[in-house]
Each structure stands twice: as C-alpha cells, then as structure tokens.
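# Architecture at a glance
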Amino acid sequence: NDSGCAKLATTTSTGHSLSESAFLDSHFEAMKPEYEEMLRWVGMQPGWKVLDAGCGGGSYLPLLSELVGPSGNITAHDLAPENIERVDSLVREKTFCCQVQTRVGNLVSLPYEDDSFDAVWCANITQYLTNEELEKMLAEFRRVVKPGGLIAVKEFDITAHAQCPF
C-alpha cells in the first residue's frame, strides 16, 4: 500500500486490527479537535475517579486528566499489554496532571469493586465484541460506576476510512 496505511494499521497481540497504538495515535491526531470537543461535552468533573476502558495507547488520557484535574484519578485499562506499556511510559514521563494507574485485562470481567468509579469512558471498543461480550461489558460498566455516575461510549466512526481506506 503506497499510502503507508499498511504500516500503521497493525494488529496488537490481542489479534485486534486497527488497535496498535501508533495507528490509534495517528487517527486521534487527525480527528483531535472533534474528539476533544466530544470528550469535553460528556461532562467529566474535577475530582472524579474515571475508568478509561480500552485506553489503547492513551490518546484520550491527557484531556481526561485535565478534566478531572489534580484531585482526580484515572485507571487506564486495556487488553493489549503493549498498549498499557505505552501508557506506562507516558505516566513515567509525567504527561498527566492527575494520578493514572494502568491495568491489562478484558472489559467483560473487570477486576474492580462495585461502585468504584464516577465515570467510565470507552472509545472504539464495541466493534471488537460479539453481542454477548457487549452485553457483559456494559453490565460491568454499570456495576463499577457509582449510582448516578456516567458511562460514555464513543464508537468507531467512518473517519478512519478517509485516513486509511480499507
């Protein structure tokens, strides 16, 4: 592919295509103004404890940390260990203005206590799930979010095709 998309659209160790952090980062940068406006619109609040479910390489984490502020807390959770390694490197570089923890794991069986988070942010994950897995993931989100909390799911959009046609 002459456009270079084949190099970016690599598959992670999980077997998911278009989920490698370099591709996710390039797509995020191409759509950054729209994605940041969307995330700001969701309503994250200072001091909140947020789960970034399926965090990828951490593209949304800088803005998430800005929104929750220094008194907030983010847990970045992803199935691909290499994505979590990327986020861990950003944490070591002190990229974020709040505390960020990382965890490798599946979203259909979260290792967190009930009512652990004020909000869950999940971007571009459901495309990889079966209907049964989607139901389990959403049930897990409801379980780990405090009563009255927020669950925000941003799903795959067609803009990736403009950057890297299939």
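Anything mentioned here points back to the structure above.
Everything in this summary refers to the structure shown in the same document. Predicted model only: the values in this text are computed from it and were never measured.

## What about the side chain of serine 116?
Here serine 116 is to be found in the loop between strand S3 (99-104) and strand S4 (117-123). Serine 116 gets classed as buried once you look at its relative accessible area, which sits at 15%. Within the local environment of serine 116, its side chain forms a polar contact with the backbone oxygen of glutamate 113, the two atoms lying 2.4 Å apart. Dropping the residues within four chain positions of it, serine 116 is found in contact with Lys49, Val144 and Lys146.

## Here we look at the pattern of salt bridges
Pairing of side chains with opposite charge becomes possible as their charged atoms draw close. Counted according to the given criterion, the structure contains 5 salt bridges. We note a salt bridge from aspartate 118 to lysine 146, for which the minimum N-O separation is 3.4 Å. You can see aspartate 118 sitting in strand S4 and its partner lysine 146 sitting in strand S5 (residues 145-154), a full 28 residues away along the chain. A relative accessible area of 17% places aspartate 118 in the buried class. With relative accessibility at 33%, the residue lysine 146 sits in the partly exposed group. Here arginine 143 and glutamate 140 are joined by a salt bridge, their closest N and O atoms 2.9 Å apart. One end of the pair is arginine 143 and the other is glutamate 140, both in helix H6 (residues 131-144) and 3 residues apart, which spans about a single turn. A relative accessible area of 13% means that glutamate 140 is categorised as buried.

## Points about the pairing of S4
The element S4 is extensively covered by neighbouring structure, given that 7 of its 7 residues are classed as buried. By the bridge criterion, 4 bridges tie strand S1 (residues 49-53) to S4 in an arrangement that is parallel. Its bridge partner lying in S4, aspartate 52 is registered against tryptophan 121. Taken together, the 6 bridges between S4 and S5 define a ladder with parallel strand orientation. Across the sheet, the residue bridging to alanine 119 is leucine 150, located in S5.

## Re the packing of helix H3 (residues 32-42) against helix H4 (residues 61-68)
Here H3 crosses H4 at 30°, and the two axes come no closer than 11 Å. As far as their axial angle goes, H4 and H3 are roughly parallel. In this structure, H3 crosses over H4, and the sense of that crossing is right-handed. Contact with H3, carried on its side by Glu36, Leu39 and Arg40, involves Leu63, Leu64, Glu66 and Leu67 of H4 and no other residues of that element.

Reading guide: rules and limits
- Residues numbered from 1 in each chain as written.
- Predicted model: local features only at pLDDT ≥ 70, side-chain atom pairs only at ≥ 80, totals over all residues.
- Heavy atoms only, no water.
- Helix = DSSP H or I, 4+ residues; strand = E, 2+ residues; numbered from the N terminus.
- Buried < 20%, exposed > 50% of the residue type's maximum accessible area, 1.4 Å probe, protein only.
- Polar contact = N/O pair within 3.5 Å; in protein donor to acceptor, adjacent residues only side chain to side chain.
- Contact = heavy atoms within 4.5 Å.
- Salt bridge = Lys/Arg side-chain N within 4 Å of Asp/Glu carboxyl O.
- Pairing = 2+ DSSP bridges.
- Axes fitted to C-alpha atoms, helices over the stretch in contact; angles between N-to-C directions.
- Parallel < 35°, antiparallel > 145°, perpendicular 65-115°, else oblique.
- Left-handed = near helix turned anticlockwise from the far one by under 90°.

These values are about where atoms sit, not about what they do.
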